[in-house]
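One letter stands for each residue in the lines below.
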Amino acid sequence: MKNVLHWNPPENLQGVEVTYTVQYFIYGQKRWLNKPECKNISRTYCDLSDETSDYEHQYYAKVKAIWETNCSKWTETGRFYPFLETQIGPPEIALTTDEKSISIVLTAPDKWKSNPEDCTISMRQIYSNLKYNVSIYNIKSKRMWSQCVTNHTLVLSWLEPKTLYCVQVESFVPGPLRPAQPSQKQCISTLEDPTSALK
Amino acid sequence: EFRFGPCRVEGVALPGLWEAFRTVKDAVQVQDNNTSIRLLRCEVLQNVSDSESCHLVHDLLKFYLNTVFKHYYPKIAESNTQPSFSTLANNFVFIVSKLQSSQAGEMPPDKDRARRRFLLFKRAFKQLEIQAALTKAFGEVDILLTWMGKFYQL
């Protein structure tokens, strides 16, 4: 869950050297907390992923501008709820085929890690009701259909032999609408039907 | 369908509840000035067993209907958020009615644990001035729906 705070520079201070300071707040707790790496910075973003890593909590962030001997008021975000607002990436897709069927194996995306050394957490551990929207395209007939899948395997049967099929998958969680991030299309051709060769 | 342990509730479209709350979320939460207090804390909603969940969701939704929505309604009756408010309230009424018919014969121990969780929430609510408490509770419907969503099956 990569959570980065972005802001726009003050409009009336072009050409003036401006720095910014960020603080964050955990809803239900007592004090605003500093983010040392985002104190007196000149960039207009601050990565708060580590500070907001407990996705069951809700957070606020605020930023103020400092220039010459002045400083602005704090500008504060609304209440931010990582568990609801995280965009969930697509799963990994593995396809195998025979003459008339395609087997699809889906692997849930992993939680974003700020430190590669951190242990890997599957998004399925966070969203137990994670599901997939699988779209299938028959390239020859140009026909497309979709299926909602709960577990990680899906077998498409009664397909046409020797035909190219493409698969695209999105992850989703029942609940508030989130921007979808579909996978790359992956294509595979069903094998030739040996019995048809004998005719 | 919701499956709160032995209690089943069919016919509720959770995405519809989310959409209803989404339209009022920012307007309500910005009015909550007591950000150092969270009513639906982890102790209330974390690690709730299936058999507790039926009692707890029943108590919480009844409280939301009989206290929060009832007394908050005058504030939004004339506003454009009234339809969303009604969607939430009517769905909560429907869920509570279904839960009541499911709850017959539940084992007492789960009821007590669920009751203690609910009282944590209610005590925190009562410690606030009433208008502040109503605003905060309504602003925490996303926490409530998130927890309920864990018992929701498509």
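Reference entry: report on the structure contained in this document. Residue positions are given per chain, counted from 1 along the sequence in the order it is written. As they are written, the chains are lettered A onward and the ligands numbered 1 onward, keeping that order. Side-chain atom pairs in this predicted model are given and counted only at pLDDT of 80 or more, local residue features only at pLDDT of at least 70, and totals for whole chains, interfaces and linings cover all residues. Side-chain metrics rest on all non-hydrogen atoms present in the structure, leaving aside hydrogens and water.

### Structural notes on the sheet that holds strand β9 (residues 102–107) of chain A
All names here are of chain A. To keep things clear, this is the line we draw: Strands were regarded as paired on the criterion that DSSP finds at least two bridges between them. By definition, any uninterrupted DSSP run of H or I lasting at least four residues is a helix, any uninterrupted run of E lasting at least two residues is a strand, and each is numbered from the N terminus. Whenever a helix is involved, its axis is fitted only over the stretch in contact; in every case the axis is a line through C-alpha atoms, and angles between N-to-C directions fall within 0 to 180 degrees.
Spatially, the three strands line up as an open sheet ordered β8-β9-β12, and their pairing is antiparallel. The sheet is open, and its two borders are formed by β8 (92–97) and β12 (153–156), each paired with just one other strand. Across the sheet, the mean angle separating the axes of adjacent strands is 20 degrees when strand polarity is ignored. Bridge analysis of β8 against β9 gives six bridges, and the strand direction is antiparallel. The partner of Ile 93 across the bridge, within β9, is Leu 106.

### Digging into the interface of chain B and chain A
Stated formally: Between two residues, a contact is recorded if the distance between any of their heavy atoms is within 4.5 Å. A quick way to say it: buried area is the sum, across both parts, of accessible area lost when two parts are put together, with a 1.4 Å probe. A pairing counts as a salt bridge when a side-chain nitrogen of Lys or Arg comes within 4 Å of a carboxyl oxygen of Asp or Glu. Polar contact is the term for a pair of N or O atoms within 3.5 Å; when the atoms are in protein, one must be able to donate a hydrogen and the other to accept it, and sequence-neighboring residues count only if both atoms are side-chain atoms.
Listed per partner, the contact involves 23 residues of chain B and 23 residues of chain A. Together, Thr 35, Arg 38 and Leu 154 of chain B form the three largest contributors to the area buried by chain B at its contact with chain A, with a combined 28%. In this structure, the connection of chain B to chain A is made through two salt bridges. When the shortest N-O distance is used, the salt bridge between Lys 150 of chain B and Glu 56 of chain A registers 3.0 Å. In this assembly, chain B and chain A are joined by eleven residue pairs in polar contact (both at pLDDT 80 or more). Counting only elements with at least two residues in the side of chain B that touches chain A, the list comes to α1 (14–29), α6 (130–139) and α7 (141–149) of chain B. Counting residues per element, the side of chain B that touches chain A draws most heavily on α1 of chain B, which supplies six residues.

### What to know about the environment of Thr 52 of chain A
All names here are of chain A. Structurally, the position occupied by Thr 52 is in the loop between β4 (45–47) and β5 (59–67). When the C-alpha atoms of Thr 52 and Lys 30 are compared, they prove to be 16 Å apart, with 22 residues separating the residues in sequence. With near-sequence residues (within four places) excluded, Thr 52 lies in contact with Asn 3, Tyr 59 and Pro 82. At 2.7 Å, the side chain of Thr 52 and the backbone oxygen of Leu 48 are in polar contact.

### Regarding the nonpolar core
Quick reminder of the rule: Remark: nonpolar core denotes a set of buried residues (Ala, Val, Leu, Ile, Met, Phe, Trp, Tyr, Cys) joined through side-chain atoms within 4.5 Å. Relative accessibility decides the category of a residue: with a 1.4 Å probe and only protein chains considered, values under 20% of the type maximum give buried, values over 50% give exposed, and everything between is partly exposed.
Ile 104 and Val 134 of chain A together with Tyr 64, Phe 69, Phe 138, Trp 147 and Met 148 of chain B are the most contacted members of the largest nonpolar core, which totals 85 residues. Looking at which element gives the most residues to this core, the answer is helix α3 (residues 50–76) of chain B, with twelve residues. Beyond its immediate sequence surroundings of up to four residues, Phe 69 of chain B is in contact with Tyr 64, Phe 85, Leu 88, Ala 89, Phe 92 and Phe 138 of chain B.

### Brief notes about the environment of Glu 52 of chain B
Residues and elements named next belong to chain B. With respect to the helices and strands, the residue Glu 52 is situated in helix α3. In this structure, the C-alpha to C-alpha distance between Glu 52 and Asp 110, residues 58 residues apart in sequence, is 4.9 Å. Beyond its immediate sequence surroundings of up to four residues, Glu 52 is in contact with Asn 47, Asp 110, Arg 113, Ala 114 and Arg 117. A polar contact is formed between the side chain of Glu 52 and the side chain of Arg 117, at a distance of 2.8 Å.

### With respect to the sheet that holds strand β11 (residues 143–149) of chain A
All names here are of chain A. What the four strands build is an open sheet, ordered β11-β10-β13-β14; its pairing is antiparallel. Looking at which strands have only one partner, the edges of the open sheet turn out to be β11 and β14 (186–189). Within this sheet the neighbouring strands show an average axis-to-axis angle of 25 degrees, counted without direction. Note that strand β10 (residues 131–138) and strand β13 (residues 164–172) share eight bridges and pair antiparallel. Its bridge partner lying in β13, Val 134 is registered against Val 169.

### Focus on the pattern of salt bridges
Where charged atoms from two side chains of opposite charge come close, those side chains can pair. The tally for this structure, following the rule as stated, stands at 15 salt bridges over all chains. Across the pair Glu 160 of chain A and Lys 140 of chain A runs a salt bridge, and its minimum N-O distance is 3.6 Å. Remark: Lys 140 of chain A occurs in the loop between β10 and β11 and Glu 160 of chain A occurs in the loop between β12 and β13; sequence separation between them is 20 residues. The exposure class assigned to Lys 140 of chain A is exposed, which follows from its relative accessible area of 55%. The partner of Asp 110 of chain B in a salt bridge is Arg 113 of chain B, and the shortest N-O contact between them spans 3.2 Å. With Asp 110 of chain B and Arg 113 of chain B both in helix α5 (residues 108–126) and three residues apart, this pair spans about one turn of that helix. For Arg 113 of chain B, a relative accessible area of 36% corresponds to the partly exposed category.

### Notes on the packing of aromatic side chains
Residues and elements named next belong to chain B. The condition that has to hold: Pairing of aromatic side chains requires ring centres within 6.5 Å, counting the rings of Phe and Tyr and the six-membered ring of Trp. Pairs whose planes differ by under 30 degrees are stacked, by over 60 edge-to-face, and all others tilted.
As enumerated under the stated definition, the model contains 25 aromatic pairs over all chains in all. Between Phe 118 and Phe 121 the ring centres are 6.2 Å apart and the planes differ by 35 degrees, which places this aromatic pair in the tilted class. Taken together, the positions of Phe 118 and Phe 121, both in helix α5 and three residues apart, correspond to about one turn of that helix. The pair formed by Phe 118 and Phe 121 is uniform in burial state, with each residue classed as buried. Every member of this aromatic cluster is reached through a ring pair, and the members are Phe 21, Phe 63, Tyr 64, Phe 69, Tyr 72, Tyr 73, Phe 85, Phe 92, Phe 118, Phe 121, Phe 125 and Phe 138.

### Notes on the layout of surface pockets
Stated formally: Residues are called lining when one of their atoms sits within 4 Å of a cavity or pocket point, these points coming from a 1 Å grid over the protein atoms alone, where a cavity is a set in which a 1.4 Å probe fits but cannot get out and a pocket is an open set with protein on both sides within 12 Å along at least five of seven lines. Grid points are joined across faces, edges and corners, and a volume is the space filled by probe spheres set on the points. Here the term charged refers only to Asp, Glu, Lys and Arg, the term nonpolar to Ala, Val, Leu, Ile, Met, Phe, Trp, Tyr, Cys and Pro, and the term polar to all other amino acids, Gly among them.
Approximately 280 Å³ is the volume found for the largest pocket. Lining the largest pocket are 17 residues, with Asn 3, Val 4, Leu 5, Thr 77 and Phe 80 of chain A sitting closest to its centre. At the level of elements, β1 (4–6) and β5 of chain A together with α1 of chain B are the ones that each hand at least two residues to the lining of the largest pocket. Ranked by residues supplied to the lining of the largest pocket, first place goes to β5 of chain A with three residues. Along the lines of polarity and charge, the residues of the lining of the largest pocket split into eight nonpolar, four polar and five charged.

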